[in-house]
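Now for the letters of each chain:
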Amino acid sequence: MKPEWLRFCDAWMDMLLVERNLSSLTLEAYRRDLELLAPHSPSPLEIGPEELREALSEADKRGLKARSRARLLSSWRSFFRFLLREGERKDSPVDWIDSPRLPATLPDVLQPGEIETLIDVAGRSRSFPLRNAALLELAYGAGLRASETVDLPLADLFLEEDLLRVTGKGSKQRWLPLGRMARISLENYLKKERPQLAKPDSPPRVFLNYRGSTLSRVGWWKILKEISREAGLGTRVRPHSLRHSFATHLLEGGADLRSVQEMLGHASIATTQIYTQVDRIYLREVHRSFHPRAGDFSEKSEELHPDREKSFDET
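Residues numbered from 1 in each chain as written. Predicted model: local features only at pLDDT ≥ 70, side-chain atom pairs only at ≥ 80, totals over all residues. Heavy atoms only, no water.

A. The overall build of the protein, seen in detail. If you tally the helices and strands in the protein, you get 14 helices and three strands. Sequence separation of at least 24 residues holds for 57% of the intrachain contacts in the protein that already meet a minimum separation of 6. Total accessible area on the protein stands at roughly 18,200 Å², and carbon and sulfur atoms take up 51% of it. (Helix = DSSP H or I, 4+ residues; strand = E, 2+ residues; numbered from the N terminus. Contact = heavy atoms within 4.5 Å. Areas by Shrake-Rupley, 256 points an atom, 1.4 Å probe, with all protein chains shown as cover.)

Here it is, written out as structure tokens:
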């Protein structure tokens, strides 16, 4: 990266770290987004919308998808807003670039029966079945992100109180209730299997890998991928699928949106509201299946009772 770009990029990174407390992974992603733009101008103070379009065109030729394009523009927008705030620029070249229209996507949600199957298969794993079952019970039972699951310290488990302290995005802490099945699964793993995994220098994390080190996010994803395949669900299940399912099943069961927002650790309720779309789809299917005026019910009745006498209105 050219000196002028590097200077302003480092200042931007410092601001994001101090004011927004972003993770190192997020900061690195922002830096990579800026590196795509830097070759098109000697300085971020001189670059204009035309150079941004050139950078986007190059990225498009490499197969940039609409969602990735939107994320790239979001990173650039944040950077130039920083320059505006610092008085280094009087305008933002990103304002002249149209963001792509993204299709509305709903999270991948598993049925309760599929969750039960996954946990059952996990408990019969060839290696570390108690750990794998506890991973699934906790990730689904508390709606944790992958990083929150694997980074969970032993000191943040309060099994006697059925509570869990989670440090999420931006180092924000939240307290979560621990369900009975998750607590039992964790107790079994901590008593019987974790001592076998732990080494003298093992970190004080709940979940360890076979070497006694902290289980990585990739390691957790591979475990779940294998369990999903053995459960007959293919490879579509990801750690975040369990979090999506947690939120959706709570709403389907009658939980209010604010409570779900708090448990998920969302800064804005707008982020949580996507699950209400899933809930509406579920309710629509229930209505179609069981309401006598929805259509499907009457068709099913005909199949179940083909010989019943039709009323005057049906003839």
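B. Here's a closer look at the packing of helix H2 (residues 24-37) against helix H4 (residues 66-85). Closest axis-to-axis distance for the H2/H4 pair is 9 Å, and the angle between their directions is 90 degrees. One way to sum up the angle between H2 and H4 is to call them roughly perpendicular. Contacts between H2 and H4 involve Tyr 30, Asp 33, Leu 34, Leu 36 and Leu 37 from the former and Arg 71, Leu 72, Ser 75, Trp 76, Phe 79 and Phe 80 from the latter. Across the contact of H2 with H4, the residue classes tally to eight nonpolar, one polar and two charged. (Axes fitted to C-alpha atoms, helices over the stretch in contact; angles between N-to-C directions. Parallel < 35°, antiparallel > 145°, perpendicular 65-115°, else oblique. Nonpolar A, V, L, I, M, F, W, Y, C, P; charged D, E, K, R; others polar.)

C. Spotlight on the pattern of salt bridges. What the rule picks out here adds up to 15 salt bridges. Residue Arg 69 pairs with Asp 60 through a salt bridge whose shortest N-O separation is 2.6 Å. According to the relative accessible area criterion, Asp 60 is partly exposed, its value standing at 35%. When salt bridges that share partners are traced, they join Arg 145, Glu 148 and Arg 174 into one network. (Salt bridge = Lys/Arg side-chain N within 4 Å of Asp/Glu carboxyl O. Buried < 20%, exposed > 50% of the residue type's maximum accessible area, 1.4 Å probe, protein only.)

D. Summary view of the confidence of the model for the protein. Model confidence for the protein is summarised by a mean pLDDT of 84, while 84% of its residues fall at 70 or above. Segment residues 296-315 is flagged for pLDDT under 50; beyond a separation of four residues in sequence, or across chains, it makes 13 contacts in the model. (pLDDT = per-residue confidence, 0-100.)

E. Summary view of unusual backbone geometry. With a phi angle near 55 degrees, Phe 128 is a residue other than glycine that sits in the positive phi range. Looking at the secondary structure, you find Phe 128 in the loop between helix H5 (112-122) and helix H6 (129-142). For Phe 128, a relative accessible area of 24% gives the class partly exposed. A positive phi angle, near 55 degrees, is found at Asp 162, a position not held by glycine.

F. Structural view of the packing of aromatic side chains. Under the counting rule described, the total for this entry stands at six aromatic pairs. Their ring planes at 45 degrees and their centres at 5.2 Å tell us that Phe 158 and Trp 175 sit as a pair that is tilted. With Phe 158 in strand E1 (residues 157-158) and Trp 175 in strand E3 (residues 173-177), this pair connects stretches of sequence that are 17 residues apart. What makes Phe 158 partly exposed here is its relative accessible area of 23%. Relative to Phe 207, the ring of Tyr 189 has its centre 5.6 Å away and its plane inclined at 20 degrees; by these criteria the two rings are stacked. Taken together, the residues span a long stretch of sequence, with Tyr 189 in helix H8 (residues 180-197) and Phe 207 in the loop between H8 and helix H9 (217-230) at a distance of 18 residues. Accessibility assignment for this pair places Tyr 189 and Phe 207 in one class, buried. The rings of Trp 5, Trp 12, Tyr 30, Phe 79 and Phe 80 are connected pair by pair, giving a single aromatic cluster. (Phe/Tyr/Trp six-rings, centres within 6.5 Å; stacked < 30°, edge-to-face > 60°.)

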